[in-house]
Amino acid sequence: MEVESVEDVCASPSAKRARVDEELPTEIQESEENIIPLGKAEEINKVEVTETILEENTVGEESTILEEKINLEQSTTDLSETPNFEDNIQDLQENTDSEESSQDVEDSSKPVETSQDLQENTNPEEVLEETSIENKNPLESAQDLQELPENQNEEPIEPSPEIYSEPDYSYEQSYFPSETLIELSSYSWDTSIDNQQYTKGCLWSPDGTCCLVGVNGDGMHLMELPQDLYAIDKLDSSRTSSQLKSAVHVPEAGMVYDFCWYPFMNSNSPDTCLWISTRQHEPIHMWDAFDGSRRASYLGYDEADEVQAAIVVKFSDDGEKIFGGYKKSIKIFDTTLPGRICTTIKIKQAASAFALTPTNPDLITTGTWNGTINLYDTRMPKNGCMSSMFGHKAGVTLIKYNYDASLLFSGSRKEDSLFIWDMRNFAEPLKTLDRSVRTNQRVFFDLSVGGYWLASGDTDGVLRLWNTTDGEYENERKVNVFFFCKSVF
């Protein structure tokens, strides 16, 4: 650093200015003479100055762009005319790469923009789009590429809608070719005046491998299908009757009122092998079909906060709910929540039978002890009964819908009639079928899976069959069975 002399320090600013001017070159002195004073610069119209500068810049840029285009076209034409066209293209690519690298070097020499300048010059939406593209999952991008049509001009082919076809149950027409039945196996309970053991009904499991039987005074028995019936295609008429064995026995005390299988029961899945039952002075219990252990209990309380027994129980079609019919209420339990938490629908007549509408899971139909049949909507528990059907002279013991819920079948105790109701107009029964019922016990009836046959037992030891395809139910067949089986079917 040069140290100023004493004359320089003591000199005035004008003297310093004159001395500097003398030391400057002549070219700089001439440029300084052309400098406009500050007062005169303010008088110049700034807008005109900026416009002229912009015009000069744009004209210069356009001229440079046009020159580059012309040079590019000439280079391509020259290359196309040359015989070694591919080699020239490779050289051109190398030249462009070298130009890009030199341009990168020139860009690196430029001053770095501040973060504020970057925020002002960039659009936030564009930044978001770029980051989303960079951070995109490669699997998703590959999937998007596969979903794109090969030819974008062609319209994508829409898949044809699936054609719904009803299952074919025509094979049911060949059921019961004659009035002769072959006894495959049997089981009986000893009964006496002191110990009256009789069956309270039986239900095949949904997978068809076993049968659940309720016995008065002896709880529940699970009977398995004989093993030889699994491996044969055609039954031999000379086969002798085998003895059924109780695979699982739940010795419930008292009278069993009702029981029901889990709708998705499958022997290959142990978690689904269960049933529910209700008996005298006990809540609803859920039982394991493998070892007979109790899985859960569902408690229904009355107005005095005492546990009461359900008269009838039913699983919903999806297995997620349990319906319990009581003397003054219908209680709906969640299958996954044992205990007393439930939805209650108050009723004026005790529920003695349940039927669920296949087409509407929110509707439930109940039979009562005074002979009426009522319909309820579970979505509106406070509205009470929606409609009623009258015709039975005694308490209804069993009701069942056909596959499309267009018909309802009902039976009652001590009444020799089986009613068929048309649900489009149920002012009176559509048809009445004859059977013999001279007991207060529930006499079972059922429909085949396809709905071709209606079968019912009676107290005379006769199995009655009706073909439902003609709509008149006139083709009745009677098959004699053993007396002890009259209440089992």
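Refer to the preceding data block for the structure.
Small disclaimer: the values here were computed from a predicted structure and weren't measured.

Novice: What is the right way to read the overall build of the protein chain from this model?
Specialist: Counting secondary structure elements, the protein chain contains 9 helices and 28 strands. Taking contacts inside the protein chain between residues at least 6 apart in sequence as the whole, the part at least 24 apart equals 45%. A total of about 32,900 Å² of accessible surface is found on the protein chain, and carbon and sulfur atoms cover 51% of it.

Novice: What am I meant to see in the side chain of R435 here?
Specialist: The residue R435 is located in the loop between β24 (431-434) and β25 (445-447) in this model. One buried charged residue, R435, remains without a salt bridge, the closest side chain of opposite sign being D416 at 7.2 Å. Side-chain polar atoms of R435 contact the backbone oxygen of V443, separated by 3.4 Å. Side-chain polar atoms of R435 contact the side chain of S456, separated by 2.9 Å. Apart from the residues lying within four places of it in its own chain, the contact partners of R435 are G411, S412, D416, S417, L418, V443, F444, F445, S456, G457 and R464.

Novice: What should I look at first to understand the pattern of salt bridges in this one?
Specialist: Charged atoms that come close allow side chains of opposite charge to pair. Counting across every chain of the model gives 11 salt bridges. Its salt-bridge partner being D305, residue R340 comes within 2.9 Å of it at the nearest N-O pair. Of the two residues, R340 sits in the loop between β15 (329-334) and β16 (342-346) while D305 sits in the loop between β11 (300-301) and β12 (307-308), which places them 35 residues apart along the sequence. A relative accessible area of 45% means that R340 is categorised as partly exposed. Overall, D305 belongs to the partly exposed group, its relative accessible area being 47%. With a shortest N-O distance of 2.9 Å, R438 and D460 are connected by a salt bridge. Here R438 is found in the loop between β24 and β25, whereas its partner D460 is found in the loop between β26 (453-456) and β27 (462-467), with 22 residues between them in sequence. For R438, a relative accessible area of 55% puts it in the exposed group. For D460, a relative accessible area of 41% corresponds to the partly exposed category.

Novice: Sorry if this is basic, but what is going on with the sheet that holds β24 here?
Specialist: Spatially, the 4 strands line up as an open sheet ordered β21-β22-β23-β24, and their pairing is antiparallel. Since the sheet does not close on itself, it has two edges, and those belong to β21 (396-401) and β24, each with one partner. On average, adjacent strands in this sheet sit at an angle of 20° to one another, irrespective of strand direction. Summarising the sheet, β21 and strand β22 (residues 407-412) pair through 5 bridges and their orientation is antiparallel. Residue pairing for β22: K400 is matched across the bridge by F409.

Novice: Is there a simple way to explain the sheet that holds strand β10 (residues 294-298) in this structure?
Specialist: Whether parallel or antiparallel, the strands of a sheet pair through hydrogen bonds between backbone atoms. One open sheet holds the 4 strands; their spatial order is β7-β8-β9-β10, and the pairing between them is antiparallel. Edge positions in the sheet fall to β7 (256-261) and β10, since each has one partner strand and no second. In this sheet, neighbouring strand axes are inclined to one another by 20° on average, regardless of whether the strands run parallel or antiparallel. In the sheet, β7 pairs with strand β8 (residues 274-279) via 5 bridges, with the strands oriented antiparallel. Looking across to β8, one finds that D258 is bridged to T278.

Novice: Just checking my understanding: could you explain a negative patch on the surface for this structure?
Specialist: Residues D317, D318, E320 and D334 make up a contiguous surface patch of negative charge. Position of E320 relative to the elements: it lies in the loop between β13 (312-315) and β14 (321-325). Among the residues examined, E320 registers a relative accessible area of 52% and is labelled exposed.

Novice: When you look at unusual backbone geometry in this model, what are you seeing that I'm missing?
Specialist: Leaving glycine out, the prevailing phi sign among residues is negative, and the prevailing peptide bond configuration is trans. Phi at H281 takes a positive value of approximately 60°, unusual for a residue other than glycine. By secondary structure assignment, the location of H281 is in the loop between β8 and β9 (284-288). Despite not being glycine, D305 has its phi angle at roughly 60°, a positive value.

Novice: Would you take a moment to explain the packing of aromatic side chains for this structure?
Specialist: Aromatic ring pairs are described here by two measures, namely the spacing of the ring centres and the angle between the planes. If you walk through the whole model with that rule in mind, you get 7 aromatic pairs. Both rings, one in Y187 and one in W189, keep their centres 4.6 Å apart while their planes meet at 70°; by these two values the pair is edge-to-face. Taken together, the ring pairs in this structure connect Y262, F264 and F315 into an aromatic cluster. Over the face of the ring belonging to Y326 we find K331, whose NZ or CZ atom lies 5.9 Å from the ring centre. R340 extends its terminal NZ or CZ atom over the ring of Y301, reaching a point 3.8 Å from the ring centre.

Novice: Would you mind going over the side chain of T366 with me for this structure?
Specialist: Along the polypeptide, T366 turns up in strand β18 (residues 363-368). Of the residues examined, T366 reaches a relative accessible area of 2% and is grouped as buried. Non-local contacts of T366, meaning those with residues more than four positions away in its chain, are made with I330, A351, A353, F354, T372, I373, N374, Y376 and I399.

Novice: Even after reading the chapter, I still don't get the environment of R438, so can you show me in this structure?
Specialist: Sequence-wise, R438 and D458 are 20 residues apart; in three dimensions their C-alpha atoms are separated by 8.4 Å. In this structure, R438 is in contact with K414, T459 and D460, ignoring residues within four places of it in sequence. Among the polar contacts listed, one links the side chain of R438 to the side chain of D460, at a separation of 2.9 Å.

Thresholds, definitions, all that
Residues numbered from 1 in each chain as written. Predicted model: local features only at pLDDT ≥ 70, side-chain atom pairs only at ≥ 80, totals over all residues. Heavy atoms only, no water. Helix = DSSP H or I, 4+ residues; strand = E, 2+ residues; numbered from the N terminus. Contact = heavy atoms within 4.5 Å. Areas by Shrake-Rupley, 256 points an atom, 1.4 Å probe, with all protein chains shown as cover. Buried < 20%, exposed > 50% of the residue type's maximum accessible area, 1.4 Å probe, protein only. Lys, Arg positive; Asp, Glu negative; His and termini not counted. Salt bridge = Lys/Arg side-chain N within 4 Å of Asp/Glu carboxyl O. Polar contact = N/O pair within 3.5 Å; in protein donor to acceptor, adjacent residues only side chain to side chain. Pairing = 2+ DSSP bridges. Axes fitted to C-alpha atoms, helices over the stretch in contact; angles between N-to-C directions. Patch = residues over 30% accessible without salt bridge, like charges linked within 9 Å, V, L, I, M, F, W, Y side chains within 5 Å. Charge placed at Lys NZ, Arg CZ, Asp CG, Glu CD. Phe/Tyr/Trp six-rings, centres within 6.5 Å; stacked < 30°, edge-to-face > 60°. Lys NZ or Arg CZ within 6 Å of the ring centre and 35° of its normal.

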